[in-house]
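# Structural overview
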Amino acid sequence: MKHHLGYIREFIETHTDAEDSFLRAQLKTLGRSQLDLYLGKLSAQQIANETTLYLQKHRALAPDAYRLYLSDSGAEYKLISLSDESKWVLRWGVVEGRHVHLHPARYSQHTIRVKANTLKTAVAVQIATRRYKEPLSLALVNQVRTQWLELAPIPAYLPEGGLGKLLHLLGGKDTI
């Protein structure tokens, strides 16, 4: 299984020829704020298995028990640690049929904090460079920002900036 980067890279590779409307809808799911992107070595399956074991240990795997477990402190979430010392937030699920929602905690071990619009731009640019067989350029960045993401153009692109670092990561480099 893959970590976040693996899923994002796979999305880029498999959706290069997707309809623009589909890409817009998928990229919108990243939200508008910030998120923590897990870069650790645990696979999605390992994260799921460790989380399941944690919930079993705390007798909170069934939906009713899980809801009670989350609400017992009044916070409606729990923070857990996994084997690689990364921290994860448990919340009530928003996807039908899945009551457990799990995401990396803010500034956790093995994560980077990214702006959602920067991540959307990086994913869209990676798709565009493949689709149009064009090298990375400010014009291409602004084309995807305005046409696909409905975001304002940016005045400059710096390879060492946030967008540059994400493009580097999404291009197959696991470190920044």
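Here's what I pulled together on the structure shown here.

## Regarding helix α1 (residues 4-14)
All buried positions along α1 are accounted for by L5, G6, I8, R9, F11 and I12. The inward-facing, buried residues of α1 abut α2 (20-28), β1 (34-38), α5 (116-132) and α7 (162-170).

## As for helix α3 (residues 44-57)
If you check α3, its first and last C-alpha atoms are 20 Å apart, about what 14 residues at 1.5 Å a residue would give, namely 20 Å. When α3 is considered as a whole, its buried residues turn out to be I47, T51 and L55. The buried residues of α3 occupy an angular sector of 65 degrees when the element is viewed end-on, so they sit on one face. Residues of α3 that are exposed and point over 90 degrees away from its buried face: L53 and K57. Here the buried face of α3 lies against β1, α4 (63-71), β2 (78-81), β3 (87-92) and β4 (100-104). Looking one or two residues past α3, R59 carries a phi angle of roughly 50 degrees, positive in sign.

## Some details on the sheet that holds β3
Sheet strands pair via backbone hydrogen bonds, and the direction of the pair is either parallel or antiparallel. The strand order across the open sheet formed by 3 strands is β2-β3-β4, and the pairing between neighbours is antiparallel. Of all the strands in the sheet, the pair left with one neighbour each is β2 and β4. On average, each strand axis in the sheet is inclined to that of its neighbour by 30 degrees, with strand direction left out of account. Pairing of β3 with β4 involves 5 bridges; the strand directions are antiparallel. Bridge pairing in β4 links L90 to L102. Contacting β2, β3 and β4, α3 runs over the sheet at an angle of about 65 degrees to β3.

## Comments concerning the packing of α1 against α5
Interaxial distance between α1 and α5 falls to 9 Å at its minimum, and their mutual angle equals 40 degrees. In the packing of α1 onto α5, the handedness of the crossing is right-handed. Residues I8, F11, I12 and E13 of α1 touch α5, and the partners they reach there are L119, V123, Q126, I127 and R130. The residue makeup of the contact of α1 with α5, split by class, is 6 nonpolar, 1 polar and 2 charged.

## Considerations on unusual backbone geometry
Backbone geometry at R59 places phi at a positive 50 degrees, although glycine is not the residue there. For R59, the location among the structural elements is in the loop between α3 and α4. Of the residues examined, R59 reaches a relative accessible area of 75% and is grouped as exposed. Located in the positive-phi region is E76, a residue other than glycine, with phi close to 65 degrees.

Cut-off values and rules
Residues numbered from 1 in each chain as written. Predicted model: local features only at pLDDT ≥ 70, side-chain atom pairs only at ≥ 80, totals over all residues. Heavy atoms only, no water. Buried < 20%, exposed > 50% of the residue type's maximum accessible area, 1.4 Å probe, protein only. Helix = DSSP H or I, 4+ residues; strand = E, 2+ residues; numbered from the N terminus. Contact = heavy atoms within 4.5 Å. Expected span 1.5 Å × (residues − 1). Arc of directions from axis to C-beta. Pairing = 2+ DSSP bridges. Axes fitted to C-alpha atoms, helices over the stretch in contact; angles between N-to-C directions. Left-handed = near helix turned anticlockwise from the far one by under 90°. Nonpolar A, V, L, I, M, F, W, Y, C, P; charged D, E, K, R; others polar.

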